[in-house]
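Spelled out from the first residue to the last, the chains are:
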Amino acid sequence: MRQIGRFLMGLLVGWVVGSLVGLLLAPAPGPSTQQRIVQAYQKFLADIQEAAKARRQELEQELERLRRAGGSSTL
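Residues numbered from 1 in each chain as written. Predicted model: local features only at pLDDT ≥ 70, side-chain atom pairs only at ≥ 80, totals over all residues. Heavy atoms only, no water.

Colleague: Help me understand the overall build of the protein, please; the structure alone is not making it clear to me.
Modeller: If you tally the helices and strands in the protein, you get two helices and zero strands. A compact globule built from 75 residues should have a C-alpha radius of gyration of about 11 Å, whereas the protein, at 20 Å, is more than 25% larger. Seen along its three principal axes, the alpha-carbon backbone of the protein occupies a region of about 70 × 20 × 10 Å. By the burial criterion, 3% of the 75 residues in the protein qualify as buried. (Helix = DSSP H or I, 4+ residues; strand = E, 2+ residues; numbered from the N terminus. Rg over C-alpha atoms; globule rule 2.2 N^0.38 Å. Buried < 20%, exposed > 50% of the residue type's maximum accessible area, 1.4 Å probe, protein only.)

Colleague: I would appreciate a short explanation of the pattern of salt bridges in the present structure.
Modeller: Pairs may arise between side chains of opposite charge once their charged atoms sit close together. Per the counting criterion, the structure on display carries five salt bridges. The partner of Glu-64 in a salt bridge is Arg-68, and the shortest N-O contact between them spans 3.7 Å. With a gap of four residues between them, Glu-64 and Arg-68 both fall in helix α2 (residues 30-72), about one helical turn apart. Accessibility expressed as a relative area gives 37% for Glu-64, which makes it partly exposed. Arg-68 gets classed as exposed once you look at its relative accessible area, which sits at 54%. (Salt bridge = Lys/Arg side-chain N within 4 Å of Asp/Glu carboxyl O.)

Take a look at the structure:
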């Protein structure tokens, strides 16, 4: 779980730094740059939601596996 948090934090920091560098070096006018930022932000959110959905499915599968294994094992 700690690795996922680190990954997401790195992803967020990378996105912020990349966005700032892009703004500073952008040759496009303001409105065009704003539109690109909004699109990048929306893509970022969609990627995060997709990653969370995939991780949730993995965890649900693991939970189901553990439930099945827990019911058939003896201590």
